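# Survey of secondary and tertiary structure
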Amino acid sequence: MKVEEEEEEVKALYFAWVRERIGKAEEELAPPPDIATVGDMIAWLKTRGEEYAYAFENSRSIRAAIDRTHVKHDSPISGAREIAFFPPMTGG
Amino acid sequence: MKVEEEEEEVKALYFAWVRERIGKAEEELAPPPDIATVGDMIAWLKTRGEEYAYAFENSRSIRAAIDRTHVKHDSPISGAREIAFFPPMTGG
Amino acid sequence: MARPATIRVQRELFDAAAEAATLSGERTDVGAIVTFIGLCRDEGGRLSRLNLEHYPGMAEAEIGRVADEALARWPLLGLTIVHRHGPIRPGEPIVLVLTASSHRAAAFEAAEFLMDYLKSNAPFWKKEVLAEGFEGGWVGAKEEDEDALTRW
Amino acid sequence: MARPATIRVQRELFDAAAEAATLSGERTDVGAIVTFIGLCRDEGGRLSRLNLEHYPGMAEAEIGRVADEALARWPLLGLTIVHRHGPIRPGEPIVLVLTASSHRAAAFEAAEFLMDYLKSNAPFWKKEVLAEGFEGGWVGAKEEDEDALTRW
């Protein structure tokens, strides 16, 4: 089953204060098979340590993108190669 | 009464096709005492010759300014030093 | 903090970038600059040039009145309006409106307001000279330009 | 007649006048060019600089999606968007939006639409560095910026 597990690996990216709180800009993750949506992924990340719990403490304010496209928290993550988490944007 | 007549002299200015139809850009005029408004002035000008009748044939489309400020046709002309007549503006 | 508006009516070309640099200068409180440039189109190759007639004295005065209205309605940190007259060739600029403000909404709205009012109230008249050498006649005022005023 | 949009995400300063010249070039069908420049304010002397973080790759892609939407909605003859990242000092420009069209309404509306969407959808985050040397923290998103989207 090693091959299938590798296929489920996803690159997580963190920006702005999400990145600062977690203490890293990116990492490779292999979420358990029952993690189906972006919201599931956030809930799972919160269990990975204090720094994640802090970053995602107000999870509704967290925005996400899958493969560089904005998605909502109920979006499925299956097939995603890159999932990014970040605060509301303040460009322009 | 010569002095009073001279005081009632007003400079008329014409622009764009009003100027072209009348054939001059400006002139000094002494409208009769019963010419009270811009509308009166236009009606009086139309009697001054074919070229004026042509310039003011569709008098509602003519705009006017007294002393460099837009005015309506019912505005009084008393005290005016300069009255301008022109088509709707097309600047910008 | 508002500077008085800079208003010029001139035959010469203008340099929008230089005007913007003058407007913002060394300031660090400006968050948004909107530049509008109106240009002479060739109308599909038909037009050789525009002759832009104006009412000297009133043109500056009327632009000044519209500028004062904009300065009263929006918190502008700077405002520059330059309107050309005389012969203008396709591709050349006719009018420049520059607005500076702390925030973008005021800068955008003021620039649109100014252009709407300049179109209908500034004493300028465009005459087309056609490419073949014939006189093209006076450009008619558009109802949509009058209508644009109702939103302000 | 529409050219594809020019989109750049860069650390370097940009030259708005040069971008406008490239956009309009030798064209004679452009009647209106709107330039929007968003600048870094010093917030009353409080701010030393902004550090603008971005999501490389997604920033360009998201700006491209917003640009495509603008090109589909308005008859634009040209469109340029440049967004900076990295350290930005007060008085320096952050973002440039240039729209060209035959008529002014389309150029104004498209520029405002683009700025509204860039503010809320382009993956950039501003962090303030205060004049005294302390970190000023991340700039919060404004509800008014989200609200601005409802008008489109």
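We now turn to the structure provided with this report. Predicted model only: the values in this text are computed from it and were never measured.

### Overview of the sheet that holds strand β3 (residues 63-66) of chain B
All names here are of chain B.
- Ordered by their spatial adjacency, 5 strands build an open sheet running β2-β1-β5-β3-β4, and the pairing between neighbours is mixed. Of all the strands in the sheet, just β2 (26-29) and β4 (69-71) have a single pairing partner and so form its edges. The average undirected angle you get between the axes of adjacent strands in this sheet is 30 degrees.
- Two strands pair when backbone bridges link them, and β3 and β4 are joined in this way by 3 bridges, in the antiparallel orientation. Paired with Ile 66 across the bridge in β4 is Thr 69.
- Against the sheet, helix α3 (residues 38-46) contacts β1 (10-14), β2, β3, β4 and β5 (82-86), and its axis sits at roughly 70 degrees relative to β5.

### Focus: the relation of the copies chain D and chain C
- With an RMSD of 0.0 Å, the operation that places chain D on chain C is a rotation of 180 degrees combined with a shift of 0.0 Å along the axis. The superposition of one copy onto the other is thereby described by a two-fold rotation axis. Taking C-alpha positions as reference, the residue of chain D nearest the rotation axis is Thr 35 of chain D, located at 2.4 Å.
- Comparing interface residues between copies, 100% of those in chain D also lie at the interface in chain C; the contact surface is shared.

### Here's the deal with the interface of chain C and chain B
- Listed by partner, the interface residues are 26 residues for chain C and 21 residues for chain B.
- Together chain C and chain B conceal approximately 1,900 Å² of surface at their shared face, both sides included; 55% is due to carbon and sulfur atoms.
- Taken as a group, Tyr 55, Trp 125 and Trp 138 of chain C account for 33% of the area that chain C buries against chain B, more than any other trio of residues on that side.
- The tally of links between chain C and chain B comes to 3 salt bridges.
- One salt bridge in this structure joins Arg 19 of chain B and Glu 53 of chain C, with 2.4 Å as the shortest N-O distance.

### Describing the packing of helix α3 (residues 104-121) of chain C against helix α3 (residues 104-121) of chain D
- Look at α3 of chain C against α3 of chain D: their axes get within 11 Å of each other, and the N-to-C directions meet at 175 degrees. The angle between α3 of chain C and α3 of chain D falls in the class roughly antiparallel. Of the residues in α3 of chain D, those touching α3 of chain C at Arg 104, Phe 108, Ala 111, Glu 112, Met 115, Asp 116 and Lys 119 of chain C are Arg 104, Phe 108, Ala 111, Glu 112, Met 115, Asp 116 and Lys 119 of chain D.
- Its residues assigned to classes, the contact of α3 of chain C with α3 of chain D comprises 6 nonpolar, no polar and 8 charged.

### Brief notes about the interface of chain D and chain C
- Each partner contributes residues to the interface: chain D has 31 residues there, and chain C has 31 residues.
- Surface buried jointly by chain D and chain C totals about 2,500 Å² across both partners, of which 56% is contributed by carbon and sulfur atoms.
- Linking chain D with chain C are 4 salt bridges, by the criterion used here.
- The salt bridge involving Asp 145 of chain C is made with Arg 104 of chain D; its shortest N-O contact spans 3.3 Å.
- For the pair chain D and chain C, the interface holds 13 residue pairs in polar contact (both at pLDDT 80 or more).
- Those elements that provide at least two residues to the side of chain D that touches chain C are β2 (32-39) and α3 of chain D.
- The biggest single contributor to the side of chain D that touches chain C is β2 of chain D, with 8 residues.
- Per-class residue counts for the side of chain D that touches chain C are 14 nonpolar, 7 polar and 10 charged.
- The pairing of strand β2 (residues 32-39) of chain C with β2 of chain D spans 7 bridges and is classified as antiparallel. Bridging across to β2 of chain D, Gly 38 of chain C finds its partner in Ala 32 of chain D.

The rules behind the values
Residues numbered from 1 in each chain as written. Chains lettered and ligands numbered in written order. Predicted model: local features only at pLDDT ≥ 70, side-chain atom pairs only at ≥ 80, totals over all residues. Heavy atoms only, no water. Pairing = 2+ DSSP bridges. Helix = DSSP H or I, 4+ residues; strand = E, 2+ residues; numbered from the N terminus. Axes fitted to C-alpha atoms, helices over the stretch in contact; angles between N-to-C directions. Contact = heavy atoms within 4.5 Å. Least-squares fit on C-alpha atoms with pLDDT ≥ 70 in both. Buried area = accessible area lost by both parts, 1.4 Å probe. Salt bridge = Lys/Arg side-chain N within 4 Å of Asp/Glu carboxyl O. Parallel < 35°, antiparallel > 145°, perpendicular 65-115°, else oblique. Nonpolar A, V, L, I, M, F, W, Y, C, P; charged D, E, K, R; others polar. Polar contact = N/O pair within 3.5 Å; in protein donor to acceptor, adjacent residues only side chain to side chain.

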